[in-house]
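Report on the structure
Spelled out from the first residue to the last, the chains are:
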Amino acid sequence: MTIPRVDLPADARLDTLAVREGLPPSPWGENSEALFITSSFVHPDAATAARRFANEEEAFVYGRFSNPTVTMMERRLAALEGTESCIGTASGMAAILMLVLGLLKGGDHVVCSQSVFGTTIRLFTDFARFGLQATFVPQADVDAWRVAMRPNTKLLFAETPSNPLTEVCDIAALAEIAHAGGAQLVVDNCFCSPALQRPVTLGADIVMHSGTKYLDGQGRVVAGALCARDEVVTQKFVPVMRTMGLTLSPFNAWVVLKGMETLSIRMVAQSERALAIARWLEAQPGVERVYHPSLPSHPQHRLAMAQQGGQGGAVVSFVVRGGRAGAFGVIDATRICSITTNLGDTKTTISHPASTSHGRLTEEQRLAAGITQGMVRLAVGLEDVEDLKGDLARGLSALT
Ligand SMILES: *Cc1c(COP(=O)(O)O)cnc(C)c1O
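Residues numbered from 1 in each chain as written. Predicted model: local features only at pLDDT ≥ 70, side-chain atom pairs only at ≥ 80, totals over all residues. Heavy atoms only, no water.

Around the ligand lies a shell of 14 residues, among which Gly92, Asp188, Ser210, Thr212 and Lys213 are the nearest. In this structure, an oxygen atom belonging to the ligand sits 2.8 Å away from a side-chain N or O atom of Ser210. Isolated, the ligand exposes 380 Å² of accessible area, and the fraction of that covered by the protein chains is 90%. When contributions to the shell around the ligand are tallied by element, the ones reaching two or more residues are helix 4 (92-103) and strand 6 (206-210). Residue classes in the shell around the ligand are distributed as seven nonpolar, four polar and three charged. (Near = heavy atom within 4 Å. Polar contact = N/O pair within 3.5 Å; in protein donor to acceptor, adjacent residues only side chain to side chain. Areas by Shrake-Rupley, 256 points an atom, 1.4 Å probe, with all protein chains shown as cover. Helix = DSSP H or I, 4+ residues; strand = E, 2+ residues; numbered from the N terminus. Nonpolar A, V, L, I, M, F, W, Y, C, P; charged D, E, K, R; others polar.)

Okay, structure coming up:
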């Protein structure tokens, strides 16, 4: 027995897969995907159980490593990313942990952008305890990635666009460097999601997700995933899941599964709102600089537009006059935006990176990364754009 597929035309496109890919309905014929809350699965007889435990027959066995709702989410995300397979994990960080446990050993080397999610840098750095070597390089400097390669480099890890400066890296160029050195390229695709950017079509080997962000899309659950070739998932990641239990809960998988149905319309709508706000911010006297990939002033505007389906994503950062006090003033004057560092929500969030997400860096490290005290980050949601402008104008007008 193998677990059956949904009956869809082989050439079904992204928007159709986002709504339909998964498992066939249960015998009850539900139209919305079922949430299977069960820790184990029953076998018809002892011989079948033995075959299933020996991996000779595909079936659901035990909730630590298999559940139909989680499988539906995995199949849907794999279809959107264009990979053969996917494995869901308890969080985005659990997905990166799975990457390390499944693919690396002591003595191996990783090259990672220095602009990735701060906790990702911590995770690679913490694994020095087990002999893992990591080099952190400037996101957009392709030569720096090439120079950092060593004979024992196994993985290149990139996140594009970056947070909060929306720096873009050239996925195709990094894939070439990785493959020339016998390594694999992993891309954290949280900020664009497969609705805008499909890293494997540009040569990446593995796509990592925090489902917590745009895949859920409404700020409800924590979830993660790795998308890769079937061989990598079944031989490298599934065994880690069985023994180490980085398990995604079926409920969280179900929320992400349903979230993906509206992913592409949300990503486009939120990117368009973000661009409208970015353009408006550029014209405000209290604003010194605006970062958004769709602005022609963005240093990698052309690469971003080519790589991200013509969209800039929903994150906009800007530097206000008056340093930290100015930034705090703008944040505190908002009445609609949520003051939180999370992103990927339909609710617009506003944060001060220098004192929150990047607060553990020294001022010197922060300035090297381009994060000043006057910087504010917005992750634009689905509210009315004019209302959001009004929300920001209140604090900005006090600066001039
Ligand atoms: C949030 C985030 C993560 C970590 O995901 P969790 O689900 O919070 O564990 C990793 N990468 C990026 C880019 C993120 O924004």
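Before going further, it helps to examine the packing of helix 4 against helix 5 (residues 118-126). Running from N to C, helix 4 and helix 5 cross one another at 30°; their axes reach a closest spacing of 11 Å. One finds that helix 4 runs roughly parallel with respect to helix 5. Crossing geometry of helix 4 relative to helix 5 is assigned as right-handed. Side by side, helix 4 and helix 5 meet where Met93, Ile96, Leu97 and Val100 of the first sit next to Thr119, Thr120, Leu123 and Phe124 of the second. (Axes fitted to C-alpha atoms, helices over the stretch in contact; angles between N-to-C directions. Parallel < 35°, antiparallel > 145°, perpendicular 65-115°, else oblique. Left-handed = near helix turned anticlockwise from the far one by under 90°. Contact = heavy atoms within 4.5 Å.)

A cluster of nonpolar side chains, contributed by Leu35, Ile37 and Phe251, occupies part of the molecular surface with about 290 Å² of accessible area. In this fold, Phe251 is placed in helix 10 (residues 250-260). (Patch = residues over 30% accessible without salt bridge, like charges linked within 9 Å, V, L, I, M, F, W, Y side chains within 5 Å. Salt bridge = Lys/Arg side-chain N within 4 Å of Asp/Glu carboxyl O.)

Further remarks concern the domain arrangement of the protein. Along its sequence, the protein is carved into domain 1 (14-262) and domain 2 (263-399). Measuring from the centre of the C-alpha atoms in domain 1 to the corresponding centre in domain 2 gives 27 Å. With 36 residues of domain 1 in contact, the opposing surface of domain 2 contributes 36 residues. Summing the contributions of domain 1 and of domain 2, the shared interface buries around 2900 Å²; its carbon and sulfur component is 57%. (Domains from an automatic or database assignment. Buried area = accessible area lost by both parts, 1.4 Å probe.)

It is worth spelling out empty space enclosed by the protein at this point. One pass over the structure, following the stated rule, counts one cavity of 30 Å³ or more. The wall of the largest cavity is formed by Pro161, Ser162, Thr166, Phe191, Gly312, Gly313, Ala314 and Val315. A class-by-class count of the residues in the lining of the largest cavity yields four nonpolar, four polar and no charged. Lining the lining of the largest cavity are residues from two domains, each supplying at least three of them: domain 1 (14-262) and domain 2 (263-399). (1 Å grid on protein atoms, 1.4 Å probe; cavity = no way out; pocket = protein on both sides within 12 Å on 5 of 7 lines; lining within 4 Å. Points joined across faces, edges and corners; volume = space filled by probe spheres on them.)

What follows deals with the packing of aromatic side chains. Applying the stated rule across the entire model yields five aromatic pairs. Each ring, one from Tyr62 and one from Phe65, has its centre 6.2 Å from the other, and the planes form 65°; the classification is edge-to-face. Relative to Phe157, the ring of Phe124 has its centre 5.4 Å away and its plane inclined at 70°; by these criteria the two rings are edge-to-face. Placement of Phe124 in helix 5 and of Phe157 in strand 4 (residues 153-159) is noted, with a sequence separation of 33 residues between them. Under the relative-accessibility criterion, Phe124 is labelled buried at 1%. (Phe/Tyr/Trp six-rings, centres within 6.5 Å; stacked < 30°, edge-to-face > 60°. Buried < 20%, exposed > 50% of the residue type's maximum accessible area, 1.4 Å probe, protein only.)

Attention shifts here to the nonpolar core. With 38 residues, the main nonpolar core has Met73, Leu77, Tyr214, Val256, Met260 and Leu263 as its most contacted residues. It is helix 3 (residues 68-81) that contributes the most residues to this core, six residues altogether. When residues are assigned to domains, this core turns out to be shared by domain 1 (14-262) and domain 2 (263-399), each giving three or more. Filtering out sequence-adjacent residues up to four positions away, Tyr214 remains in contact with Cys190, Phe191, Ser193, Leu263, Arg266, Met267, Gln270, Ala314, Val315, Leu343 and Gly344. In terms of nonpolar packing, the next biggest core, distinct from the first, is built from 29 residues, Ile87, Ile96, Leu132 and Val233 among them. (Core = buried A, V, L, I, M, F, W, Y, C linked by side-chain atoms within 4.5 Å.)

Sheet strands associate in pairs through backbone hydrogen bonding, adopting either a parallel or an antiparallel arrangement. Reading across the sheet, the seven strands line up as 1-7-6-5-4-2-3 and stay open at both edges, with mixed pairing between neighbours. Pairing within the sheet leaves two strands with one partner each, and these edge strands are strand 1 (85-89) and strand 3 (133-137). Across the sheet, the mean angle from the axis of one strand to that of its neighbour is 20°, orientation sign disregarded. Across four bridges, strand 6 lies against strand 7 (residues 224-228) in antiparallel orientation. Along strand 7, the bridge assignment pairs Ser210 with Gly224. Those strands touched by helix 5 are strand 2 (109-113), strand 3 and strand 4, and its axis lies near 150° from that of strand 3. (Pairing = 2+ DSSP bridges.)

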